[in-house]
Amino acid sequence: MKYIVDDKELTASQFIEFVNNVWPGEYDREKTRIALTKTLNITAYDNNMLVGCLRILSDGYYFGTITEILVLPEYQKQGIGSKLLQLAKDSTPTMLYFGSQPRVEKFYEKNGCLRGLTSYTIETKR
């Protein structure tokens, strides 16, 4: 497995193909390209295939958030998510805040994350 911190080569097409295997949806290529330029992208590759990605949005000093941590279903339970999370901890100067999908809390706690604030959502139409 090859891990890359701040993967500048990650393309919108590659990310959309990957994310559709985890969160199927209709993703705009240009908006995805712009989004990827605004985050620190930590990736996992099996040969040349993207199998995991964690993105961090940060102001570099006060605040950082993990926007998502995704691993292809067939690669889950192999330590890839834990490695991505460790690389995130090692690669950001800020405290990281993030939400958790229901029933995934134990993964984060196993990896040394502490329960914190309750999160809320304000939804907008895409």
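Before reading further, recall that the structure is shown in the block above.
Residues numbered from 1 in each chain as written. Predicted model: local features only at pLDDT ≥ 70, side-chain atom pairs only at ≥ 80, totals over all residues. Heavy atoms only, no water.

Asker: Account for the packing of helix α1 (residues 12-19) against helix α2 (residues 29-37), with residues named and values stated.
Answerer: Axis separation between α1 and α2 bottoms out at 9 Å; the angle between their running directions is 100°. If you check the angle between α1 and α2, you find them roughly perpendicular. Listed contacts from α2 to Ala12, Ser13, Phe15 and Ile16 of α1 are Arg29, Thr32, Arg33 and Leu36. Taken together, the residues of the contact of α1 with α2 break down into four nonpolar, two polar and two charged. (Axes fitted to C-alpha atoms, helices over the stretch in contact; angles between N-to-C directions. Helix = DSSP H or I, 4+ residues; strand = E, 2+ residues; numbered from the N terminus. Parallel < 35°, antiparallel > 145°, perpendicular 65-115°, else oblique. Contact = heavy atoms within 4.5 Å. Nonpolar A, V, L, I, M, F, W, Y, C, P; charged D, E, K, R; others polar.)

Asker: So, the nonpolar core: which residues are in play, and what are the values?
Answerer: In this structure, Ile42, Leu54, Ile56 and Leu84 are the most contacted members of the largest nonpolar core, which totals 26 residues. Broken down by secondary-structure element, the contributors of at least two residues to this core are α1, β2 (40-46), β3 (49-58), β4 (64-71) and α3 (80-91). (Core = buried A, V, L, I, M, F, W, Y, C linked by side-chain atoms within 4.5 Å. Buried < 20%, exposed > 50% of the residue type's maximum accessible area, 1.4 Å probe, protein only.)

Asker: Explain the side chain of Thr39 residue by residue, including any values.
Answerer: Within the secondary structure, Thr39 is located in the loop between α2 and β2. Engagement of the side chain of Thr39 in a polar contact is seen with the side chain of Asn41, the distance being 2.7 Å. Among the polar contacts listed, one links the side chain of Thr39 to the side chain of Arg55, at a separation of 3.0 Å. (Polar contact = N/O pair within 3.5 Å; in protein donor to acceptor, adjacent residues only side chain to side chain.)

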